[in-house]
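Below are the chains, spelled out letter by letter.
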Amino acid sequence: MFRSFSRTNVFAILVSVLLFSGALYIYSGYSHSDISLFQSKDFSKTESNAIITNIVEVKEDLTTAGCVVKDNLNNCGKWSIGELKSEVGLKYAQPNTLKGRTDVNSVTNWNAPLVWEGTFDPVVIDSIYKRMDPRIAVVVFAVGKYTRFLKGFLESGEKYFLVDFRVTYYVFTDNKQDVPQVRLGRNRNISVVSVPSANRWQEVVLGRMKWATMAIDNHIRSEADYLFMMDIDSVFHNRFGAESLSRLSAVLHRGYYKNTHRDHFPYERRPQSKAYIPAGEGDYYYTAAVWGGYLEDMYKLVKHCYTQAEEDAKINIEAAWQEESHLNRYLLYNKPTKVLSPEYLWSDYDAVPADIKVVRVSQLVKNYKEVRPNGGH
Ligand code: UDP
């Protein structure tokens, strides 16, 4: 009697454990972590056009990736970040030294790759970067009405953004209830970071540099090898893969990538601003809607944009295109190690020309007046 009772009991416990783990597994496909970094009620103050805050609490409930990463080396038997090791026996098309894209330039004058469809072999690139198995952080802001863009961005990101890589989307928002449940692939997470609401869109746009700097300092640094900063009002349409990864990768702005003289780039032209670029200087005009690189290099650049904007604010200047202006000045004197073509950020506003063979990400058409807190364009 006792034995049969105990066997039944053991069986029941086993079944419950299995059911419970099954439910946990299914739930994890949809779930996100909620890092409550900041208490929004404390963030009503503004100073120098930037959101000013106090860190009240750092509560982290992301599971650690399990590998200790130090100086770009990890202890999980993977290759170091940046090492271009390839797989023995991998089959791929032989590269050709004479044939390739001839309609576009695929190298910069400082010898960095300029990445277009047809300039890389996804089989080779994936093999190299999969061996590194990097952890990739994507920082996006969805403040105010911009939470409406989260679903499309995240769902399409799951189809096309660094598929099969370890990705965490860090969603900075003032309204975490509106962060949708999205089915995520294996080793992919959403981590929600609370930030205060804003009265001006410029506050959000510039404030991103400050919040991202603080969040990297607080927790992202120990969770990622690469970091991307991206605008949320966009949708992935095609592969955005490991060919985009490098120490510092910047994207050519679709509006100025051909036939624009450097003196007509919308750089900040007032010498008083820290973002100033004089006439006669400049390589390209880069967008601030997609940029990425090694965690520490991105940290340096994000922090640079933040501190330079603060300096400007002290003399009542806001750079012409906010952080994009500071980004462009930095990249003029600190050249990016990869330049991504406008395939990596097109716009639904514009027709797609023949040299753009693949639109990988496209910005959505939006009603600026309706979606921004202070309207305007
Ligand atoms: N953003 C936001 N709330 C705002 C304004 C901007 O979350 O009220 C974020 C959002 O991630 C957006 C990015 O800042 O994608 C850039 O702003 P916006 O898209 O308005 O700039 P645009 O690229 O259209 O000039």
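Counting starts from 1 at the beginning of each chain's written sequence and moves along it residue by residue. Confidence filtering applies because this is a predicted model: local features only for residues at pLDDT of at least 70, side-chain atom pairs given and counted only at 80 or more, and all residues used for totals across whole chains, interfaces and linings. Excluded from the side-chain calculation are hydrogens and water; included are all heavy atoms of the structure.

## Focus on the environment of Val358
No. 1: Under the DSSP-based scheme used, a helix requires at least four consecutive residues in state H or I and a strand at least two consecutive residues in state E, with every element numbered from the N terminus. Residue position: Val358 is located in the loop between strand S15 (346–347) and strand S16 (361–363).
No. 2: Only protein chains enter the calculation, and the probe is 1.4 Å; a residue is then buried if its accessible area is under 20% of its type maximum, exposed if over 50%, and partly exposed in between. Here Val358 falls in the buried class, since its relative accessible area comes to 15%.
No. 3: A sequence separation of 240 residues divides Val358 from Gly118, and the C-alpha atoms of the two residues are 9.9 Å apart.
No. 4: Apart from residues no more than four positions distant in its own chain, Val358 is found in contact with Glu117, Asn238 and Glu343. By definition in these notes, contact holds between two residues if any of their heavy atoms fall within 4.5 Å.

## Side note on the sheet that holds S16
No. 1: Taken in spatial order, the three strands make up an open sheet running S11-S16-S15, and their pairing is mixed. Two strands lie at the open edges of the sheet, namely strand S11 (234–236) and S15, each paired on one side alone.
No. 2: Being paired, for any two strands, means DSSP has found at least two bridges between them. In this sheet, S16 lies alongside S15 in parallel orientation, the contact comprising two bridges. Among the inter-strand pairings, Ser347 is bridged to a residue of S16, identified as Gln363.

## Focus: the pairing of strand S7 (residues 135–142)
The side chains of a regular strand alternate, residue by residue, between the two faces of the sheet.
No. 1: The buried count for S7 comes to eight of eight residues, which makes it a mostly enclosed element.
No. 2: The alternating pattern of S7 places Arg135, Ala137, Val139 and Phe141 and Ile136, Val138, Val140 and Ala142 on opposite faces, both of which are buried.
No. 3: Examined bridge by bridge, S7 and strand S8 (residues 166–173) share eight bridges and lie parallel to one another. Paired with Val138 across the two strands is Tyr169, which belongs to S8.
No. 4: Handedness of a crossover is defined as follows: with both strands directed away from the viewer, a clockwise route from the first strand across the helix to the second makes it right-handed. In this fold, the crossover linking S7 to S8 by way of helix H3 (residues 150–160) has right-handed handedness.
No. 5: Sheet analysis places S7 next to strand S10 (residues 226–230), joined by five bridges and oriented parallel. Residue Val139 lies in a different strand from S10, and its bridge partner there is Met229.

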